[in-house]
Amino acid sequence: MDVDMPGMGGVEACRSIRRAVARLPILMLTVMDSEDDKVLALDAGADDYITKPVPSAGIDSANCAPQCAEEMLRMPTGTRRFAMDNSNSTQ
């Protein structure tokens, strides 16, 4: 998720999601590159913080997607629904 999202910012959204779904992987992908921004997001519960533009080795989607899918499948059904609903609400 981006740090600079309209409405509820990414850091606050991360904090809310982390409270509701402790095991959901959260990746911050943003142009905000200060050390303070990174620390804020990680303290809010983000699992990783990557700045744009992403170098070709920055995200290995072939490895990331299966891990995220496995994590979602281990979550209780109602929790998965909540996570998926929230990820679409900011679009």
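Residues numbered from 1 in each chain as written. Predicted model: local features only at pLDDT ≥ 70, side-chain atom pairs only at ≥ 80, totals over all residues. Heavy atoms only, no water.

K.L.:
An account of helix H1 (residues 10-20) is requested, with residue identities and associated values reported.
P.N.:
For H1, the set of buried residues is Gly10, Val11, Ala13, Cys14, Ile17 and Arg18. Down the axis of H1, the sector holding all buried residues measures 160 degrees, keeping them to one side. Residues of H1 that are buried in the fold lie against strand E1 (27-30) and helix H2 (35-44). (Buried < 20%, exposed > 50% of the residue type's maximum accessible area, 1.4 Å probe, protein only. Helix = DSSP H or I, 4+ residues; strand = E, 2+ residues; numbered from the N terminus. Arc of directions from axis to C-beta. Contact = heavy atoms within 4.5 Å.)

K.L.:
If you had to explain the nonpolar core to someone new, which residues and values would you point to?
P.N.:
Ranked by size, the top nonpolar core spans 12 residues in total: Val3, Val11, Cys14, Ile17, Val21, Leu24, Ile26, Met28, Ala41, Ala44, Ala46 and Tyr49. For this core, the secondary-structure elements that each account for two or more residues are H1 and H2. (Core = buried A, V, L, I, M, F, W, Y, C linked by side-chain atoms within 4.5 Å.)

K.L.:
Requested: an account of the pairing of strand E2 (residues 48-51), with residues and values cited.
P.N.:
Note: E1 against E2, four bridges, orientation parallel. For Leu29, the partnering residue across the bridge sits in E2 and is Ile50. Chirality of the crossover, the property in question, places the unit of E1, H2 and E2 among those that are right-handed. (Pairing = 2+ DSSP bridges. Right-handed = clockwise from strand over helix to strand, strands pointing away.)

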